[in-house]
Every structure is written in C-alpha cells, then in structure tokens.
Amino acid sequence: PSLTGAEIRAKFLNFFAERGHKVMPSASLVPADPTVLLTIAGMLPFKPIFLGQQEPEVPRATTSQKCIRTNDIENVGRTARHHTFFEMLGNFSFGDYFKKEAIAWGWELVTKVFQLPPDRLVVSVYHTDEDAFAIWRDAIGIPAHRIQRMGDDNFWASGATGPCGPCSEIYYDFHPELGDEHIDLEDDSRFLEIYNLVFMELNRDADGNLTPLKKQNIDTGLGLERMAQVLQGVPNNYETDLIFPIIKKAADLAGRDYHSSDEKVKTSLKVIGDHVRSVVHMIADGINASNVGRGYIMRRLLRRVVRHGRLIGIDGTFAAAVAEVAIALSESVYPNTREREKFIKDEIQIEEMRFLQTLERGEKLLEEILAKPEVQSSKVISGIDVFTLYDTYGFPSELTQEIAEEEGFTVDVDGFESEMKKQQERSQAAHEDIDLMAKDNWANIAKEIGKTEFLGYTQLSSEATVK
Ligand code: ATP
Ligand code: MG
Ligand code: MG
Ligand code: MG
C-alpha cells in the first residue's frame, strides 16, 4: 500500500506502543553526549541507559529520531538512499526483551503492518551470531540461503568506544527475478537496507576491549525515508513525499522540471533538498553558522546549497524560500521549526548573501583567468592562479576545479598543493618573524599586519580541505 511518510511514522510508533513501548519525542540534534557532534542515531539519547549510568524511566521506548550523518555527505544525491538529515524510527529495550522478540516484532511490523511480501526480504546476521540465525530460520521461517552472514558491517557501534553489539538487518529486494543464487547485499541496485536490529550487549573501552554490559538491550533503526521509498514505489528516497516538495520548490525557482532534467541537475536538486532539511533542523535546534564544530557543518551544508543553486541556474538568494517548504513539511512533528521560522530564515539569508558575494567576486576573477591567452591555449589553470583565488578571494579550490571542468579546462592540482605548502611555510616563518620582533618593536608588527591585505573572507580558508 502507498503510505505517506507521516503514516509510516505513526504506524511504526503505534505498533510498538501497542507492545508496551513508551512513545518518546525526538531528542535534539545537539546531543547531551559531549563526545559526539550531532545525533547520528536513535540510540544516542539512551546511551547512558545502555551503559548503566542512568536508570531507564521505562523498560521499553519507541521514537522517531532526527539524525544527521555528515559521513554520508558525499553519498547525498549519488546513492538513492543516503541523506545527511533523516529520521530514524526505533524501538528500544533497556534490559527487557532481547533478540527473539526484537526479530519477531521487526518481521511482523515489516510484513504485516507495512505488508512487504516476505519473498521480497532478505536478512543478515553477524557471522558468529548463531542465535539470531536460528531465530530467523526456525521461529520466523526464512530459508537459510536468504539469511546472509556478514562481517563488521553487522557489528554496530555508535563510536570508537561505548555500547555496541552484533546486529541483524532487513533488506528489501527490488529484483527478486534475479534469483537467489547470488545474493549480494552490497549490491545496492538490487538490495536496500531498511531496518537494523542491534543486540546491544557489549561495551568497547578506549583500548578496544569488549566487555558485557550489565544488561542485554535492544536498539533498532528503521530509515523513515527508505521505507517511504519502498512503499511509495519511487526510485529513491528523494522522490518521497518527505523530501520531494522541497526539491520541487528549488526546481521551480530554477525554472526547471525535475523529472525531465539530466542526472547532474537532479543531483544538484537532491543536494539542495537534503541539505536544506539539515540546515533548517540544525538552526531550529539552536546551531548558528560559525567556523567551528556544528556551526561550521551547518555553514558548509548551506554553502553547498548555494553552489548547487547556482549550478542549476538560480540567481540571487533562494535558500530561505526553499527552507519554507522544509519548515511546512516538518512543523506538525517538529514544531520548533515553525516557532523559530524567522530566525531560521534570517540566518540562512545572511549566510547566503555573504557567500554569494564571495562566489561572485571569485567567479569574475576566474573568468579573467580563463581569458588569458596562455590559459586559452594550454587549457590548464596554473596552481598559482587557483591559489590566488583561494587565498586572496576565499574561493574554494574545488569550486575552481568544478567550473574549470565545465568550461573544458583542467586545473594544475599539484601546483596548487605546492603553493599551499609554500604558504604554510611562509606563515610559519612570518610567525617566527613576529615573535622575534615582538621582543622589541611593536610598531613594526603593526606595519607588517597592515600590509597584509585580506580581501577575502578568512572564514573560507578551511573550505578547501572540505568536500
Ligand atoms: P547503509 O549501509 O545503507 O549506509 P547503515 O548500515 O550505515 O546504512 P545504520 O547505522 O544501520 O545504517 O542505521 C539504521 C538505519 O537508518 C538504516 O538501516 C537505514 O534505514 C537508516 N539510515 C542510515 N543512514 C542513513 C542515511 N544516511 N540516510 C537515510 N537513512 C539512513
Ligand atoms: Mg552507512
Ligand atoms: Mg549498512
Ligand atoms: Mg546498518
């Protein structure tokens, strides 16, 4: 059946509420846990409970948790299933039920509530987890060859240390006609991981040692957008009702039709759709643009939105208008987006304007460089030119490269890197100079600093290392 994203969310939470789970609100994207920058999974707010540092209020809980995973940023728009921002539906047992119930309920949810045909599903277990294998085969009745044993991929941990354990995943098979002879769960043109059941019973310490937690816990994650993709019969998460209206808005502003656009334009639209959701929820949760930490991640995401907007032909500022759609889509479940609407839009507008100025200045300069006779004949932009754009005008080198390639030029990447190195050496030397001078002559220092003209916008200087 085709279900809306909101219906999928509600059905999931309801199913577990009926089975004794307390429905709890999503925690903030800014975790209480100081070791993590952003909430990356539904289990994060419960980490102290799993570690036995905090007593649970209830033995069972269920949530729809806002998550941001920056490690998936390069996958955005390139795979059908990855976002930076997504919602993870989860059911949790704090030392209450364990594998048998988690597997049986997970299966019942997927096959009865969401009515996915069992012969469209394949499951995985951790290679040494005979208990999980036996439950799937004997209690659920999955043919053994559709239970795949996996290695490290099926051992889940929230970070280098902390609670972890073997897991078992449910995959959707888009092409059962290909037969069961060669089931390769890493083939994402055929299989989509939708639900992960983690048997959270171990703790990893700083030396990598695994010790049993006091209790055996259950932590699960089902990707809302992925389930929506399957149930709505669309080719990727982006075309679900959870995200597509945002993409549609951006496409309208660019005067384009998403469906008849080429892959490159579609990718840009997906990046915009994804990153705008992240930015809206990050600002709603109190994150402001800055040069460090979460604020820098937000700024970086927003700058990618601006760049991709220009790539598809949008002039001027547009991100706040697109953000309005993301706010409208989220407000019934996450009311803080509407409550902080003005702040969100202002922050986006200011950031976007600043970045646009940098971009425009850089683009003009790049045009002049491209017009130089030697560049016209060699079709190569020198490392020094790329470096000047970056260092003086704050123009990211990857952007120079991208534009150059569009226009049929290449960039001397090695030359750029050697200029970067030279600059590092120079700045080290300059610091030494200043240190020496500082001992006796402050006036000279002031003169030195006055000579260094920074037309650019120094905040951008770390952009080059960031993709
Ligand atoms: P994948 O292998 O596809 O990258 P994962 O194994 O990293 O997914 P888990 O850490 O097991 O994902 O998270 C639990 C569930 O959350 C996944 O089964 C999936 O449905 C969803 N999920 C994970 N990462 C993303 C993402 N970047 N965007 C959308 N949904 C995601
Ligand atoms: Mg992943
Ligand atoms: Mg996986
Ligand atoms: Mg997984």
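Residues numbered from 1 in each chain as written. Chains lettered and ligands numbered in written order. Predicted model: local features only at pLDDT ≥ 70, side-chain atom pairs only at ≥ 80, totals over all residues.

**Side note on the overall build of the protein chain**
Right, so step 1: Broken down by element type, the protein chain carries 16 helices and 11 strands.
Right, so step 2: Radius of gyration (C-alpha) of the protein chain: 25 Å, near the 23 Å computed for a compact globule of 467 residues.
Right, so step 3: Overall, the C-alpha framework of the protein chain stretches about 75 × 60 × 45 Å when taken along its three principal axes.
Right, so step 4: Considering only intrachain contacts with a sequence separation of at least 6, the fraction spanning at least 24 residues in the protein chain is 70%. (Helix = DSSP H or I, 4+ residues; strand = E, 2+ residues; numbered from the N terminus. Rg over C-alpha atoms; globule rule 2.2 N^0.38 Å. Contact = placed C-beta atoms within 7 Å.)

**Side note on the environment of Ile327**
Right, so step 1: Take Ile327: it is sitting in helix H9 (residues 319-330).
Right, so step 2: Under the C-beta neighbour-count criterion, Ile327 is labelled buried, with 24 such atoms within 10 Å.
Right, so step 3: In this structure, the C-alpha to C-alpha distance between Ile327 and Leu210, residues 117 residues apart in sequence, is 43 Å.
Right, so step 4: For Ile327, the residues in contact, after removing those within four places along its chain, are Val280, Thr337, Arg338, Glu341 and Ile344. (Buried ≥ 20, exposed ≤ 12 C-beta atoms within 10 Å, placed from the backbone.)

**Some details on helix H4 (residues 130-140)**
Right, so step 1: Within the span of H4, buried status applies to Ala132, Phe133, Ile135 and Trp136. Along the axis of H4, the buried residues cluster in a sector spanning 160 degrees; they form a single face. Projecting away from the buried face of H4 at angles above 90 degrees are the exposed residues Glu130 and Asp138.
Right, so step 2: Among the structural elements, helix H3 (99-113), strand E4 (121-126), strand E5 (147-150) and strand E7 (162-173) are those in contact with the buried residues of H4.
Right, so step 3: Note on H4: the residue one or two positions beyond its end, Gly141, has a positive phi of about 90 degrees. (Arc of directions from axis to C-beta.)

**Notes on the site of ligand 1**
Right, so step 1: If you check the shell around ligand 1, you find 16 residues, and the closest are Asp72, Phe86, Asn196, Gly221 and Gly223.
Right, so step 2: Counting residues per element, the ones that place at least two in the shell around ligand 1 are strand E3 (85-93), strand E8 (191-204), strand E9 (210-223) and helix H5 (224-232).
Right, so step 3: The dominant element in the shell around ligand 1, judged by the number of residues it contributes, is E8, at four residues.
Right, so step 4: Looking at the shell around ligand 1, its residues break down into five nonpolar, five polar and six charged. (Near = placed C-beta within 6 Å. Nonpolar A, V, L, I, M, F, W, Y, C, P; charged D, E, K, R; others polar.)

**What to know about the environment of Glu108**
Right, so step 1: Within the secondary structure layout, Glu108 lies in helix H3.
Right, so step 2: For Glu108, a count of 14 C-beta atoms within 10 Å translates into the label partly exposed.
Right, so step 3: The sequence separation of Glu108 and Ile140 amounts to 32 residues, and the corresponding C-alpha distance is 9.5 Å.

**Overview of the nonpolar core**
For soluble globular proteins, the rule of thumb is that nonpolar side chains tend to be buried together.
Right, so step 1: Of all hydrophobic cores here, the largest spans 102 residues; its most connected members are Val276, Val279, Ala319 and Ala323.
Right, so step 2: Counting residues per element, this core draws most heavily on helix H7 (residues 263-284), which supplies nine residues.
Right, so step 3: Both of domain 1 (5-232) and domain 2 (243-360) provide at least three residues apiece to this core.
Right, so step 4: If we skip the residues at most four places from it in the chain, Ala319 touches Val276, Leu302, Val305, Val306, Ile348 and Glu352. (Core = buried A, V, L, I, M, F, W, Y, C linked by C-beta atoms within 7 Å. Domains from an automatic or database assignment.)

**Side note on the confidence of the model for the protein chain**
Right, so step 1: In this model, the protein chain carries a mean pLDDT of 90, and residues with pLDDT of at least 70 account for 91%.
Right, so step 2: Predicted confidence for residues 434-467 stays below pLDDT 50, and this span has 23 contacts to residues more than four positions away or in other chains. (pLDDT = per-residue confidence, 0-100.)

**Quick word on the pairing of E3**
Right, so step 1: Across the nine residues that make up E3, a large majority, nine, are buried.
Right, so step 2: Side chains of E3 alternate between two faces, with Phe85, Glu87, Leu89, Asn91 and Ser93 and Phe86, Met88, Gly90 and Phe92 buried alike.
Right, so step 3: Here E3 runs beside E9; their pairing, made up of four bridges, is antiparallel. Counterpart to Met88 in the pairing with E9 is Gly223. (Pairing = 2+ DSSP bridges.)

**Regarding helix H6 (residues 244-253)**
Right, so step 1: The complete set of buried residues in H6 reads Phe244, Ile246, Ile247, Lys249, Ala250 and Ala251.
Right, so step 2: Considering only its buried residues, H6 is in contact with H7 and H9.
Right, so step 3: Positive backbone phi, at 70 degrees, marks Gly255, one or two positions downstream of H6.

**Thoughts on the packing of H3 against H4**
Right, so step 1: Orientation of H3 relative to H4, taken along the N-to-C sense of each, is 50 degrees, at an axis distance of 10 Å. Classified by the interaxial angle, the pair formed by H3 and H4 is oblique. Crossing angle aside, the handedness with which H3 passes H4 is right-handed. Counted together, Lys99, Lys100, Ile103, Ala104 and Trp107 of H3 and Asp131, Ala132, Ile135, Trp136, Ala139 and Ile140 of H4 form the full contact between these two elements. (Axes fitted to C-alpha atoms, helices over the stretch in contact; angles between N-to-C directions. Parallel < 35°, antiparallel > 145°, perpendicular 65-115°, else oblique. Left-handed = near helix turned anticlockwise from the far one by under 90°.)

**Description of the packing of H7 against H9**
Right, so step 1: The contact between H7 and H9 brings their axes to 9 Å, and the two run at 75 degrees. Relative to H9, the element H7 is oriented roughly perpendicular. Each of Ile272, Val276, Arg277, Val279 and Val280 in H7 lies in contact with H9, whose residues at this interface are Ala319, Val322, Ala323, Ala326 and Ile327.
Right, so step 2: Per-class residue counts for the contact of H7 with H9 are nine nonpolar, no polar and one charged.

**Considering unusual backbone geometry**
Right, so step 1: The phi angle at Gln115 is positive, at roughly 55 degrees, despite the residue not being glycine.
Right, so step 2: Of note, the phi angle at Lys379 is positive, near 60 degrees, even though the residue is not glycine.

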